[in-house]
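# Per-entry structural report
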Amino acid sequence: MNRRRFLHRALPSLAALPSAAALLGSCDTRPRLNVYNWSDYVAPDTVSNFERPSGLRVRYGTYESNQEMLAQVLSGNSGWDIVFPSADFIGPMRDLGLLAPIRHDLLTNLDALDPAFRHPPWDPELAWSVPYMYGATGILYQRSLDPAPRAWADLWNPRLAGKITMLDDATEVFGACLKKLGYPLNSADPRELRAAAEEARKQKPLLRAYLNAEVRDQVIAGDVAAAQAWAVTAAQAIAAAPDRLVFAYPAEGFARFADNIAILRESRRVEAAHRWIDYLLRPAVAASIVEATRTATCNGSAYRLLPDALRSDAVLYPSAETLGRGEWFAPQSTAAQRLRDRLWTEMKSA
Amino acid sequence: MNRRRGIDRLRAWFLAPAAVLMLATLAIPLAIVAAYSFLSRGAYGGVEAPWTQENYTRLADPLYGGIFLRSAWISLIATAACLALGFPLALFIARSGPRKNLYLALVILPFWTSFLIRLYAWMFLLRDTGLVNTVLLSLGVIHAPLALLYNQGAVILGLVYGYLPFAVLPLYATLERQDPSLLDAAADLGATPARALARVTIPLAMPGILAASVLVFVPCVGTYIVSDLLGGSKTVLIGNLVQNQFTSSRDWPFGAAASMILIASAVAVLLTQRRSREELL
Amino acid sequence: MTGAWSRRALPLYAACAYLFLHLPLAILAIFSVNASRFTIWDGFSLHWYRAMFADRDLLEAAANSLIIAAAATVLATAIGTLAGYALWKKASAWLAGSLYLSLVTPEIVTGVSLLAFFQWIFRDLHLRLGMHTVILAHVSFSVAYVVLVIVARLRNFDPALEEAALDLGATEFGAFYRVTLPYLAPAIAAAAMLAFTVSIDDYVITSLVAGVDSRTLPMAIYAMARRGVNPVLNAVSTIVVAALGALILLSERLRAR
């Protein structure tokens, strides 16, 4: 009898829990902005410094790859307002009707952008996106390695077996394989793509894992000897262990990327979204992000505010001659994209 | 007659919520997945006409057959290990007399805590710079760190560690229900404890053993977190394949086809293990 | 003597098994108070716990997990108890079969099927993934566990007791409410605990059907674990284990009373 009475009393109070929590949740009545960004791409105080003056409450989520972001956003109903797609995703996302147009009249800091990024090839009028940070893909490795891996081919070295990682991204891995074979980065030729997939398949037994930015802590800890990594990740790792780690821009050529801020068409808070973009374009804000996260900013005015040590960082801002070996990722045709996805699945499943 | 009708009516009302729930969250979603498995992939994801069998023919490729075999093999090893490790433990608890509940609670406790956290604990231990390697290196047993993580062995270890309580609980339930006087009878007839174990206890515990096997094998076959965290996304099992197709690769029809195969094997297990089903439900 | 051997070997084995089960978690707890972020002991420090409580998103994820688990537990226990009782009265092959199917279907398949279902109906309803979809998903896979526990308990229940109540003039529902339900009370509590655990720990299904504002603790833990070893994660793990451990001890106390 006692137990029954206990249950009698317990059940209603348990049922009250969710309603109480919902009430508590709705206490925070500030308008919201949902931002979905790459991990480690803002300074620790960037979000809070925006929330206070604007009166908005920012929900900040992170992802590790464009595909992860696209998978959520594709439904057209994801709940996010702002995303940060890479350059080669802007075109396809626009064609799929996922993006909202950028209103230049709402952005006062647009001129802070570096002239090189005012009319980028993927969005010449900046109608759908605003460039944020750029970088390249290269090899992050332990200084102690001899010979030093300075070309993609060096990541196929059996002596490094079990201590190599590649990015968990079809475009990046196939990009490295294509460059290793001397083909163009954005090849759509089925023959070349299959050859590249074959190279990736040959490399797989030598790999420790496929990791994106997660590899940073493992390289710092010494678990990984050489990793295909983004320059951003590398710069962060080198900052944590400057005497042990080196970043190389591979000799055969490499991929350049630029991440852009974009507003999703499903967003019902377009004005607030523009305010967020304008905030990120502020030179002081962009500079503080660079100092915290070691990224290469598309913001020219911010670049001028950086300390010399960062401005001359060879990892983030390599020489023009080095950059000349790089190619931008370009969007693929449907057929080529399908072939790449299929080859990737097959390669991973082997 | 009235009583029968009254009971039937009560029963219908009581069944209704569960029936509606199962219809909405099991039957219809699975039907949708079945439908998707016969559709084609949109340009960047999603599904669209035409209807096609292509996804299943793609799965017939020996490449994917390899994945299914690998998943089944790993699951078998993990199940066998769970049974072998779990049975003596369940036996101990069932025979421990007054402190039964305490010992049971000690098994349930790790089962209660987060599965993820327990996997993470092994990541922490097995890394090249993790505790196991640090201890072995400092003791001089090895001279270079062992690659304990990111391979199949780590995945199996993770599966066993994760699902061992799943095996212990049904085994304990069966063993606890066994009449101890049967063992007395065996002893009276001259059997040694070992013989009594082999000839009486274990055969009588068969339904529980089968139930435990099902409860461990099926989740292992469909596992995805363990191979993702401990396998370094190099060990691709069916669960990883399905997850991949529904997220980063955005080939929903192909993922749906793989899911159907996975469900078919689960249903096959259900149909062949009727005794274990009755044991559970 | 074989008897003595088994009397000593079995407890020894059990001790080793318990060590295997609990040691990794104990180690996490030890290193959660390690000042250094590496596996070398560098002194005692609560620094990682402070970092954990400073992480607003982490705390929000934990709150979401609790809310979802509470709601899902209440619903699943209610639905499951009624269904379990009904099944015990007279078997229903369809429902029992579908409950068992929901138990044996791999989580990833349940997750993607629910995702496909939600996306399909939401297209026209202009709803989106959120707490409600997660709660619904959790109720869906928890009900089978509840039914399991209830039916197991009912196997030892003598139907004659209900018959007697009916003979004495009770309605069918009255008989259930006054006779069977009190008998089921401990099982209901156990089933609720089970449903709670299953819900609060779920990652795979939740990660697929969660929306923007329904990030749960397992999702946060997974994101951290994927990035490698993180001492804040050690602190999180220790707190979660301690909290759930306290809960189970409390439930054992209540049950023993």
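Residues numbered from 1 in each chain as written. Chains lettered and ligands numbered in written order. Predicted model: local features only at pLDDT ≥ 70, side-chain atom pairs only at ≥ 80, totals over all residues.

## As for the overall build of chain C
- Helix and strand content of chain C: 11 helices and 0 strands.
- Element order for chain C, N to C, with α for helix and β for strand: α-α-α-α-α-α-α-α-α-α-α.
- For chain C, the spread of C-alpha atoms along the three principal axes comes to 75 × 75 × 30 Å.
- Split into buried and exposed, the 257 residues of chain C put 49% on the buried side.
- Considering only intrachain contacts with a sequence separation of at least 6, the fraction spanning at least 24 residues in chain C is 77%. (Helix = DSSP H or I, 4+ residues; strand = E, 2+ residues; numbered from the N terminus. Buried ≥ 20, exposed ≤ 12 C-beta atoms within 10 Å, placed from the backbone. Contact = placed C-beta atoms within 7 Å.)

## A look at the overall build of chain A
- Across its full length, chain A carries 14 helices and 12 strands.
- Against the 2.2 N^0.38 benchmark of 20 Å for 350 residues, chain A shows a C-alpha radius of gyration of 23 Å, consistent with a compact globule.
- Projected onto its principal axes, the C-alpha coordinates of chain A cover approximately 75 × 60 × 45 Å.
- Looking at chain A as a whole, 47% of its 350 residues are labelled buried. (Rg over C-alpha atoms; globule rule 2.2 N^0.38 Å.)

## Topic: unusual backbone geometry
All names here are of chain A.
- Following Asp146, the chain continues to Pro147 via a peptide bond in cis, the omega torsion being 5°.
- If you trace the backbone, Pro147 turns up in the loop between strand E5 (130-142) and strand E6 (164-166).
- In this structure, Asp40 is a non-glycine residue whose phi angle is positive, near 55°.
- With respect to the secondary-structure elements, Asp40 resides in the loop between strand E1 (32-38) and helix H2 (46-54).
- You can call Asp40 partly exposed: it has 17 C-beta atoms within 10 Å.
- Its identity is not glycine, yet Leu126 carries a phi of approximately 50°, on the positive side.
- Looking at the secondary structure, you find Leu126 in the loop between strand E4 (99-100) and E5.

## A short note on the confidence of the model for chain A
All names here are of chain A.
- Of the residues in chain A, 92% have a pLDDT of 70 or more, and the chain-wide mean is 86.
- Within chain A, the element-level pLDDT minimum falls on helix H1 (residues 2-25), averaging 48, and the maximum on strand E3 (residues 82-83), averaging 95.
- Counting contacts from residues 1-9, a segment whose pLDDT is below 50, to residues more than four positions away or on other chains yields 9 contacts.
- Predicted confidence is poor over residues 18-27, with pLDDT under 50, and the contacts of this stretch with residues over four places away or in other chains come to 4 contacts. (pLDDT = per-residue confidence, 0-100.)

## Notes on the pairing of E5 of chain A
Residues and elements named next belong to chain A.
- Most of E5 is tucked away: 12 of the 13 residues are buried.
- Across 6 bridges, E5 lies against strand E10 (residues 254-264) in antiparallel orientation. Along E10, the bridge assignment pairs Val130 with Ile261.
- One ladder, built from 2 bridges, connects E5 with strand E11 (residues 296-297); its direction is antiparallel. (Pairing = 2+ DSSP bridges.)

## Regarding the domain arrangement of chain A
All names here are of chain A.
- For chain A, the assigned domains read domain 1 (32-134 + 257-316) and domain 2 (136-254 + 327-349).
- Here the C-alpha centroids of domain 1 and domain 2 sit 25 Å apart.
- Broken down by element, the residue count for the side of domain 1 that touches domain 2 peaks at 4 residues, all from helix H4 (residues 87-95).
- Split into classes, the residues belonging to the side of domain 1 that touches domain 2 amount to 7 nonpolar, 6 polar and 5 charged. (Domains from an automatic or database assignment. Nonpolar A, V, L, I, M, F, W, Y, C, P; charged D, E, K, R; others polar.)

## Examining the interface of chain C and chain B
- Every contact between the two is made by 73 residues of chain C and, on the other side, 78 residues of chain B.
- Counting only elements with at least two residues in the side of chain C that touches chain B, the list comes to helix H1 (2-32), helix H3 (56-89), helix H4 (93-104), helix H5 (107-125), helix H6 (131-154), helix H8 (172-201), helix H10 (217-226) and helix H11 (231-256) of chain C.
- Sort the elements by how many residues they give to the side of chain C that touches chain B and H1 of chain C lands first, with 15 residues.
- Its residues assigned to classes, the side of chain C that touches chain B shows 52 nonpolar, 14 polar and 7 charged.

## Points about the environment of Thr171 of chain A
All names here are of chain A.
- Relative to the helices and strands, Thr171 resides in helix H5 (residues 170-180).
- What makes Thr171 buried here is the crowd of 24 C-beta atoms within 10 Å.
- Placed 156 residues apart in sequence, Thr171 and Glu327 show a C-alpha to C-alpha distance of 13 Å.

## Topic: the confidence of the model for chain C
Residue and element names in this part refer to chain C.
- Averaged over every residue, the pLDDT of chain C is 85; residues scoring 70 or more account for 95%.
- When mean pLDDT is compared element by element in chain C, H3 scores highest at 92, while H11 scores lowest at 79.
- Overall fold confidence for the complex sits at a pTM of 0.83, while the interface term, ipTM, reaches 0.82.

## Re H10 of chain C
- Among the 10 residues in H10 of chain C, 8 count as buried, and that is most of the element.
- Positive phi shows up at Gly228 of chain C, right after H10 of chain C, with a value of about 105°.

## So, the packing of H3 of chain C against H6 of chain C
All names here are of chain C.
- Where H3 contacts H6, the two axes come as close as 6 Å, and the packing angle between them is 40°. On the basis of their axis angle, the class for H3 and H6 is oblique. Between H3 and H6 the crossing geometry is right-handed.
- The residue inventory of the contact of H3 with H6, partitioned by class, reads 20 nonpolar, 6 polar and no charged. (Axes fitted to C-alpha atoms, helices over the stretch in contact; angles between N-to-C directions. Parallel < 35°, antiparallel > 145°, perpendicular 65-115°, else oblique. Left-handed = near helix turned anticlockwise from the far one by under 90°.)

## Quick word on the packing of helix H12 (residues 238-246) of chain B against helix H13 (residues 252-272) of chain B
Residue and element names in this part refer to chain B.
- Direction vectors running N to C along H12 and H13 enclose 150°, while the axes themselves pass 8 Å from each other. Classified by the angle their axes make, H12 and H13 are roughly antiparallel. Relative to H13, the crossing made by H12 is left-handed. Touching Ile238, Leu241, Val242, Gln245 and Phe246 of H12 are Trp252, Phe254, Gly255, Ala258, Ser259 and Leu262, all from H13.
- Its residues placed into classes, the contact of H12 with H13 shows 8 nonpolar, 3 polar and no charged.

## Some details on the environment of Arg127 of chain B
- Note that Arg127 of chain B resides in the loop between helix H5 (115-126) and helix H6 (131-139).
- In sequence terms Arg127 of chain B and Ile225 of chain B are 98 residues apart; their C-alpha atoms lie 17 Å from each other.

## Structural notes on the environment of Leu99 of chain A
Residues and elements named next belong to chain A.
- Within the secondary structure layout, Leu99 lies in strand E4.
- Taking C-alpha positions, Leu99 is 9.9 Å from Ala127, a pair spaced 28 residues apart along the chain.
- Ignoring any residue separated from it by four or fewer positions in sequence, one finds Leu99 in contact with Met93, Arg94, Trp128, Ala262, Ile263, Leu264 and Arg265.

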